[in-house]
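Single-letter residue listing:
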Amino acid sequence: MKDLFQCFLAKIILVALASSFVSCYDPSPLQDYCVATNETNGAFVNGRFCKDPKLVTANDFFASGLNIPGNTSNRLGSFVNPANIPGYNTLGVAIARIDFAPGGQIPPHIHPRASEVLLVVKGKLLVGFVSSNEYNYTLFSKILYPGDVFVFPIGLVQYHANIGKTNAIAIGAVGSQNPGFISVGDAVFGSRPSIDPKILAKAFALDINTVRYLRKVFSPQDDIVE
């Protein structure tokens, strides 16, 4: 009977451990907060040293400037301004302002470590994400107006585009202090060193000269593989 109970208890512990590993992406904090600091003493958590808790102030959890428009004078016509808050560390959240010129976009990309919630503040955005092959690469797309919210699952290809005639503003919040950002175009055509153009031409059903052109657009570099 004792052996059966021990076996049952071991299974319960294994299930609990497995559940915690699966459901948690950023480490679960073991303290109220761990304000990141550039000092090199104290506890080292999530790749940053923690500020002495006795020296922490309200400003460590505060940021301003998300009311300031970003410079969208670039190829994509967009600008992302993340709030820099030392108190983010170990809390598993982050937030940013995203500005779009008319026709501007955040191109197809992936956040490998976080889901995202997007709130439109101004303008008219077309947003969407694509499911994995398990769900037949289904596109989920929506036109958003001020006050509308859309959520993007972790690790799936997503995009945001301004389809209005005026500037647009959105607030993006993610479930990680460092969600990561992988632009599909930059990763595929702008890798360093470059992927063999013959591989890309076959993979994307493109003429090899088109691949070479795209590489020059995404990564004008000398270490080109032919």
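Residues numbered from 1 in each chain as written. Predicted model: local features only at pLDDT ≥ 70, side-chain atom pairs only at ≥ 80, totals over all residues. Heavy atoms only, no water.

**Focus: the sheet that holds strand β11 (residues 157-162)**
Then, in step 1: Taken in spatial order, the five strands line up as β9-β8-β11-β6-β13 in an open sheet, and their pairing is antiparallel. What marks the edges here is a single partner per strand, and that holds for β9 (139-144) and β13 (182-183).
Then, in step 2: Direction of pairing for strand β6 (residues 105-110) relative to β13: antiparallel, over a ladder of two bridges. When the bridges of β13 are listed, His109 appears paired with Ser183. (Pairing = 2+ DSSP bridges. Helix = DSSP H or I, 4+ residues; strand = E, 2+ residues; numbered from the N terminus.)

**Looking at the UniProt feature "binding site: oxalate" (unreviewed entry) in the protein**
Then, in step 1: As recorded in UniProt, the sites labelled "binding site: oxalate" (unreviewed entry) are His111 and Glu116.
Then, in step 2: Here His111 falls in the buried class, since its relative accessible area comes to 9%.
Then, in step 3: Apart from residues lying up to four places away in sequence, His111 is in contact with Glu116, Ile154, Gly155, Gln158, Pro179, Gly180 and Phe181.
Then, in step 4: Contact partners of Glu116, with chain neighbours within four places excluded, come to Ile98, His109, His111, Phe150, Val151, Phe152, Gln158, His160, Gly172, Ala173 and Val174. (UniProt positions renumbered as here; feature names shortened; annotations may be inferred. Buried < 20%, exposed > 50% of the residue type's maximum accessible area, 1.4 Å probe, protein only. Contact = heavy atoms within 4.5 Å.)

**Some words on the sheet that holds strand β7 (residues 116-122)**
Then, in step 1: Spatially, β4-β5-β12-β7-β10 is the arrangement adopted by the five strands of the open sheet, whose pairing is antiparallel. Looking at strand neighbours, the two that pair on one side only are β4 (78-82) and β10 (149-152), the edges of this open sheet. Across the sheet, the mean angle from the axis of one strand to that of its neighbour is 25°, orientation sign disregarded.
Then, in step 2: When β4 meets strand β5 (residues 94-100), the two strands line up antiparallel, connected through five bridges. Of the residues in β5, the one forming a bridge with Val80 is Ile98. (Axes fitted to C-alpha atoms, helices over the stretch in contact; angles between N-to-C directions.)

**Details of the environment of Val130**
Then, in step 1: Inspection of the secondary structure assignment puts Val130 in strand β8 (residues 125-130).
Then, in step 2: Sequence-wise, Val130 and Ser141 are 11 residues apart; in three dimensions their C-alpha atoms are separated by 8.6 Å.
Then, in step 3: Sequence-distant contacts of Val130, that is, excluding residues within four places in its chain, are made with Tyr137, Thr138, Leu139, Leu156 and Val157.

**Looking at the pattern of salt bridges**
Then, in step 1: All told, the structure shown has three salt bridges when counted by the stated rule.
Then, in step 2: Between Asp99 and Arg97 there is a salt bridge, and its shortest N-O distance comes to 2.8 Å.
Then, in step 3: Across the pair Asp196 and Lys198 runs a salt bridge whose closest N-O atoms are separated by 3.3 Å.
Then, in step 4: Overall, the relative accessible area of 18% leaves Asp196 in the buried class. (Salt bridge = Lys/Arg side-chain N within 4 Å of Asp/Glu carboxyl O.)

**Some details on the pairing of β8**
Then, in step 1: The sheet contact formed by β8 and β9 spans six bridges and is antiparallel. Within the sheet, the bridge partner assigned to Val127 lies in β9 and is Lys142.
Then, in step 2: When β8 meets β11, the two strands line up antiparallel, connected through six bridges. Bridge pairing in β11 links Gly128 to Tyr159.

**Considerations on the packing of aromatic side chains**
Then, in step 1: For the structure on display, the rule yields seven aromatic pairs.
Then, in step 2: On the numbers, 5.1 Å between centres and 25° between planes, the contact of Phe129 with Phe140 is stacked. Of the two residues, Phe129 is situated in strand β8 and Phe140 in strand β9; the sequence distance between them amounts to 11 residues.
Then, in step 3: Ring centres 6.1 Å apart and planes at 55° place the aromatic pair Phe129 and Phe150 in the tilted group. Pair noted here: Phe129 is in strand β8 and Phe150 is in strand β10, with a separation of 21 residues, a long-range link.
Then, in step 4: Three or more aromatic residues joined by ring pairs form one cluster here, namely Phe129, Phe140, Phe150 and Phe152.
Then, in step 5: If you follow Arg75 out to its NZ or CZ, it ends over the ring of Phe218, 5.3 Å from the centre. (Phe/Tyr/Trp six-rings, centres within 6.5 Å; stacked < 30°, edge-to-face > 60°. Lys NZ or Arg CZ within 6 Å of the ring centre and 35° of its normal.)

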